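Structure at a glance
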Amino acid sequence: MKTLYKILGLTIIDFGLIWLWVYRMDPDPSVSIEIILLVPFIFVLNLIIAGVLLFAKKKEYSSVFLVNSVVSSIIMFYLFGKGIDRHQNKQLEEWTFQKADTTFSLIRLKETNEFSLTYSLNPGSSCGFLDGHYENENGNWILKADSMTMKISKDNLIGFRNPTDTIRMKKIER
């Protein structure tokens, strides 16, 4: 039972350290391939610690780090994915809606006050067709592109094709 408590304690410490590492790293999707290096690094690091403890005749602690090598690798994989989601949520907001056989995606970039509207006829492909700027007006997003003005109000897009059109959009949560 003592070993289980040690594994649990080490898991809590690992979670905190890895969370802090990923938080400070603030990974964006372009570095997601880095997970191929980080998970094995965490795994091997724990195996090295387990080997050193085994060599130092601390067999109980060695077995804890042996189990922890798998647990911490899983934690790293999970938290790195959540770190990418966190980064994306800081950068943009996205909604989708369907019209006939076309899926539309509206992306609002938070740092540049720009938006982009794309459409897709087939899964896996999309074409951008409208870019512009937005501003916040009384809690609603006013989207302006060329001579077109639309509004996002409570996940509804108003004025997409006609000034009175109201389309319910689905917000993409990461």
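Residues numbered from 1 in each chain as written. Predicted model: local features only at pLDDT ≥ 70, side-chain atom pairs only at ≥ 80, totals over all residues. Heavy atoms only, no water.

This next bit is on the pattern of salt bridges. Enumeration according to the criterion identifies six salt bridges in this entry. R86 is the salt-bridge partner of D26, the closest N and O atoms lying 3.1 Å from each other. Note that D26 is positioned in the loop between α1 (2-25) and α2 (35-55) and R86 in helix α3 (residues 59-91), a separation of 60 residues in sequence. Given the relative accessible area of 28%, R86 is considered partly exposed. We note a salt bridge from R108 to E93, for which the minimum N-O separation is 2.6 Å. Remark: E93 occurs in strand β1 (residues 92-99) and R108 occurs in strand β2 (residues 102-109); sequence separation between them is 15 residues. (Salt bridge = Lys/Arg side-chain N within 4 Å of Asp/Glu carboxyl O. Helix = DSSP H or I, 4+ residues; strand = E, 2+ residues; numbered from the N terminus. Buried < 20%, exposed > 50% of the residue type's maximum accessible area, 1.4 Å probe, protein only.)

Most of the time, phi is negative for any residue but glycine, and the peptide bond is trans. For N113, which is not a glycine, the phi torsion comes out positive at approximately 55 degrees. Its location among the elements puts N113 in the loop between β2 and β3 (114-120). Non-glycine residue K154 carries a positive phi angle of around 50 degrees. Within the fold, K154 resides in the loop between β6 (148-153) and β7 (156-158). What makes K154 exposed here is its relative accessible area of 73%.

What follows deals with the pairing of strand β5 (residues 140-145). Of all six residues that make up β5, five are buried, and the element is covered over most of its length. When strand β4 (residues 127-137) meets β5, the two strands line up antiparallel, connected through five bridges. Within β5, the residue paired with H133 across the bridge is K144. Linking β4 to β5, which pair antiparallel, is a turn of two residues; within it N138 sits at a positive phi near 55 degrees. As paired strands, β5 and β6 are joined by five bridges and run antiparallel to one another. Bridge pairing in β6 places W141 opposite I152. Between β5 and β6, which pair antiparallel one after the other, the connecting turn spans two residues, and D146 there sits at a positive phi close to 50 degrees. (Pairing = 2+ DSSP bridges.)

In this model, α3 (33 residues) spans 47 Å end to end at C-alpha, consistent with the 48 Å of a helix rising 1.5 Å per residue. In the structure, α3 departs most strongly from a straight axis at N68, where the bend amounts to approximately 30 degrees. (Expected span 1.5 Å × (residues − 1). Bend = angle between axes of the 7 residues up to and from the residue.)

Close contact between α2 and α3 brings their axes to 8 Å; oriented N to C, the two are set at 170 degrees. Compared by their axis directions, α2 and α3 come out roughly antiparallel. Among the residues forming the contact of α2 with α3, the class breakdown is 17 nonpolar, six polar and one charged. (Axes fitted to C-alpha atoms, helices over the stretch in contact; angles between N-to-C directions. Parallel < 35°, antiparallel > 145°, perpendicular 65-115°, else oblique. Nonpolar A, V, L, I, M, F, W, Y, C, P; charged D, E, K, R; others polar.)

The next point concerns α2. Between its first and last C-alpha atoms α2 spans 30 Å; for 21 residues at 1.5 Å apiece the expected length is 30 Å, and the two agree. Residues I35, L38, V39, I42, N46 and A50 constitute the buried set of α2. When α2 is viewed along its axis, its buried side chains cluster within an angular range of 110 degrees and face the same direction. The outward face of α2, more than 90 degrees from its buried face, is lined by the exposed residues I36, L37, V52 and F55. Buried residues along α2 sit in contact with α1 and α3. Phi turns positive, to about 65 degrees, at K57, one or two residues after α2. (Arc of directions from axis to C-beta. Contact = heavy atoms within 4.5 Å.)

Take it as geometry only, folks, not as evidence of what the structure does.
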